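# A closer look at the structure
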Amino acid sequence: FGMAFEYAGLSLADIAVCDSRNAQDIQWLIQESDILILGGGHVPTQNAFFRELGLKELLCGFSGIVMGISAGSMNCARIVYAQPELEGESEDPEYQRYMEGLGLTELMILPHYQEVREHMLDGKRIIEDITCPDSMGNRFYALVDGSYVLCEDDNTTIYGEAYLIQDGEITQICEQGQRIRFTGINYSGE
């Protein structure tokens, strides 16, 4: 991370990891931080940990940068779509595919699209047989690695290759080297 932060003109003096070993210190860690990185992992497990921490409430008034990676980016949404990823999840009637997130963006993000679109789970194609049916009445934004979403003030912009999965259809909405800016839930490409 150090070189990436330096390239962006940000200094990195110290790193603190928050997990179950020091969760009681989360309020202090946030107050002392300028940048929070929400790492990857299993979306529902991370979501439950964020709820246990009260992270959504703790982020109110946080003026620093929040960076989500993989599951961390998914859990930044107001409503999180937890695309099934472990064996049995797609067939489990108790598995919650939608849950409350941190509310940092309205976009339901699906990372690693270049990999996931080829995967099978529980004998089904993850995208065509699971995600597309789940997209009825919803909008999922599938990003390939290297693409990202930037939320700044009231502007939300996707940079790089991205796809919209909505009402069972998959449409490429942005190409590598391009960006698409959102106003509300509408967007305009640049």
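The notes below deal with the structure included here. (Residues numbered from 1 in each chain as written. Predicted model: local features only at pLDDT ≥ 70, side-chain atom pairs only at ≥ 80, totals over all residues. Heavy atoms only, no water.)

## Looking at the overall build of the chain
Along the chain, the regular secondary structure elements total seven helices and 14 strands. Against the globule reference of 16 Å for 190 residues, the chain gives a C-alpha radius of gyration of 17 Å, in line with a compact fold. Structurally, the chain occupies a C-alpha span of about 45 × 40 × 30 Å along its principal axes. Looking at the chain as a whole, 39% of its 190 residues qualify as buried. When the accessible surface of the chain is split by element, carbon and sulfur atoms take 49% of a total near 11100 Å². (Helix = DSSP H or I, 4+ residues; strand = E, 2+ residues; numbered from the N terminus. Rg over C-alpha atoms; globule rule 2.2 N^0.38 Å. Buried < 20%, exposed > 50% of the residue type's maximum accessible area, 1.4 Å probe, protein only. Areas by Shrake-Rupley, 256 points an atom, 1.4 Å probe, with all protein chains shown as cover.)

## Details of the nonpolar core
The nonpolar side chains of a soluble globular protein tend to be buried with one another. Core analysis: the largest hydrophobic core is formed by 23 residues, its most contacted members being Leu110, Tyr113, Ile127 and Ile165. Only α5 (71–74), β3 (79–81), β5 (108–110), α6 (113–116), α7 (126–134), β8 (139–143) and β11 (162–166) provide two or more residues apiece to this core. Examining the composition of this core, we find that four residues originate from one element, α7, more than from any other. With 13 residues, the next largest nonpolar core counts Ala23, Leu36, Leu55 and Phe62 among its residues. (Core = buried A, V, L, I, M, F, W, Y, C linked by side-chain atoms within 4.5 Å.)

## A closer look at the pattern of salt bridges
Applying the stated criterion across every chain yields a total of five salt bridges. Where Arg97 meets Asp134, a salt bridge forms, and the shortest distance between an N and an O atom there is 2.6 Å. With Arg97 in the loop between β3 and β4 (98–100) and Asp134 in helix α7, this residue pair connects regions lying 37 residues apart in the sequence. Look at Arg97 and you get buried, because its relative accessible area is 18%. Residue Asp134 is classed as buried on the basis of its relative accessible area of 16%. (Salt bridge = Lys/Arg side-chain N within 4 Å of Asp/Glu carboxyl O.)

## A word on the packing of aromatic side chains
Tallied over the full model, the rule gives five aromatic pairs. Between the aromatic rings of Tyr113 and Tyr163, the centroid separation amounts to 4.8 Å while the plane-to-plane angle is 40 degrees, which identifies the pairing as tilted. With Tyr113 in helix α6 and Tyr163 in strand β11, this residue pair connects regions lying 50 residues apart in the sequence. Classification of Tyr113 as buried rests on a relative accessible area of 6%. (Phe/Tyr/Trp six-rings, centres within 6.5 Å; stacked < 30°, edge-to-face > 60°.)

## Describing the sheet that holds β11
Reading across from one edge, β5-β8-β11-β12 is the order of the four strands in this open sheet, with mixed pairing throughout. Only two strands of the sheet have a single partner each, and these edge strands are β5 and β12 (169–174). Direction aside, neighbouring strands of the sheet carry axes that sit 30 degrees apart on average. Direction of pairing for β11 relative to β12: antiparallel, over a ladder of five bridges. Residue pairing across strands places Tyr163 opposite Gln172, the latter belonging to β12. Contacting β5, β8, β11 and β12, α7 crosses the sheet at an angle of about 70 degrees to β11. (Pairing = 2+ DSSP bridges. Axes fitted to C-alpha atoms, helices over the stretch in contact; angles between N-to-C directions. Contact = heavy atoms within 4.5 Å.)

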